[in-house]
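What follows is the residue order along each chain.
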Amino acid sequence: GEIAPTAGCAVFKGQTISRYHPDMDQDVGYCPQFEALDQLCSVQEVLELFCRLKGIPGICVKDSIDSVLTRFGLGSYRYQRVSNLSGGTKRKLSTAVALLGDPSLVLLDEPTTGMDPQTKRLVWNNILRVLKEDRSVILTSHSMAECDALCTRMAIMVNGRFKCLGTGQHLKDKYGTGYTLTLRTGNQQDILRVINYIKTTFAGSKVKDRHLNQVTMETP
């Protein structure tokens, strides 16, 4: 609501929200790309603050906080100051804040940046849980694997404009060309033989990446 739109309109739950609408505080969750967390607060205090901002009734605050702490594996950090948390744990906390109060719409801006694979999978499972509850998630990501795992529809943007929109399979069928082969052999001598064989058999094949006895190639 701070910046007036230049064109178009947005409709949320049957209401036009081109300008600020008070119901959005309680019904929209948001995880920004960069942490918007008070570094001097504990994890518990941050969650309490956002429970109040979202209008969660006082009698429900403890249960709401306990729920997200458990779901995101943050229980052991409950009383730690935010400034002492690792980057991945801060991202988990930001995502947990976005899901407080079970909002109808969740906006996530690269929520898994800097996370190890296990933590990333934990966040993915929580996002999938939101989708199964018939709520909506809008996710921005640089990871196609993440989009494949979570998204029912994908849009690719260039300079702020949609270039394509559809299911992952639709985009692959329409725009995808060729295949990516990842091959691993017993030794580096075999790698050279494999590369030569692929290039000879499939004209136009290129080596995309090579490391020790593993090679990734693109074939038309």
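Note that this is a predicted model, so its numbers are computed, not measured.

Conventions adopted
- Residues numbered from 1 in each chain as written.
- Predicted model: local features only at pLDDT ≥ 70, side-chain atom pairs only at ≥ 80, totals over all residues.
- Heavy atoms only, no water.
- Helix = DSSP H or I, 4+ residues; strand = E, 2+ residues; numbered from the N terminus.
- Rg over C-alpha atoms; globule rule 2.2 N^0.38 Å.
- Buried < 20%, exposed > 50% of the residue type's maximum accessible area, 1.4 Å probe, protein only.
- Contact = heavy atoms within 4.5 Å.
- Areas by Shrake-Rupley, 256 points an atom, 1.4 Å probe, with all protein chains shown as cover.
- Axes fitted to C-alpha atoms, helices over the stretch in contact; angles between N-to-C directions.
- Parallel < 35°, antiparallel > 145°, perpendicular 65-115°, else oblique.
- Left-handed = near helix turned anticlockwise from the far one by under 90°.
- Salt bridge = Lys/Arg side-chain N within 4 Å of Asp/Glu carboxyl O.
- Pairing = 2+ DSSP bridges.

Moving on, we come to the overall build of the protein chain. Each helix and strand counted, the protein chain has eight helices and ten strands in total. For the protein chain, the C-alpha radius of gyration of 22 Å lies well beyond 17 Å, the compact-globule estimate for 220 residues. If one aligns the C-alpha atoms of the protein chain with their principal axes, the spans along those axes are about 70 × 45 × 30 Å. Here the protein chain holds 220 residues, and the buried ones make up 34% of them. A sequence separation of at least 24 residues applies to 53% of the contacts in the protein chain between residues at least 6 apart. Roughly 14,100 Å² of accessible area belongs to the protein chain as shown, and the carbon and sulfur atoms make up 52% of that amount.

With that settled, the discussion passes to the packing of helix H2 (residues 43-53) against helix H3 (residues 58-71). Orientation of H2 relative to H3, taken along the N-to-C sense of each, is 130°, at an axis distance of 10 Å. Taken together, the axis directions place H2 and H3 in an arrangement best described as oblique. Our pair here, H2 against H3, has a crossing hand that is right-handed. Residues Val-43, Gln-44, Leu-47, Glu-48, Cys-51 and Arg-52 of H2 form the contact with H3, whose participating residues are Gly-58, Val-61, Ser-64, Ile-65, Val-68 and Leu-69.

Moving on to the side chain of Ser-205. Within the secondary structure, Ser-205 sits in the loop between helix H8 (188-201) and strand S9 (206-211). Discounting residues that sit within four places of it in the chain, Ser-205 has contacts with Ile-198, Lys-199, Met-217, Glu-218, Thr-219 and Pro-220.

Right, let's get into the pattern of salt bridges. For side chains bearing opposite charge, pairing can occur when the charged atoms are close. Throughout the structure, instances matching the rule amount to eight salt bridges. Between Lys-13 and Asp-27 there is a salt bridge, with the nearest N and O atoms lying 2.6 Å from each other. With a gap of 14 residues between them, Lys-13 in the loop between strand S1 (11-12) and strand S2 (15-16) and Asp-27 in helix H1 (residues 24-27) connect regions that are remote in the sequence. You can call Lys-13 exposed: its relative accessible area is 58%. Residue Asp-27 is classed as buried on the basis of its relative accessible area of 17%.

In this sheet, strand S7 (residues 161-166) lies alongside strand S6 (residues 154-158) in antiparallel orientation, the contact comprising five bridges. Pairing of Ile-156 across the sheet is with Cys-164, part of S7.

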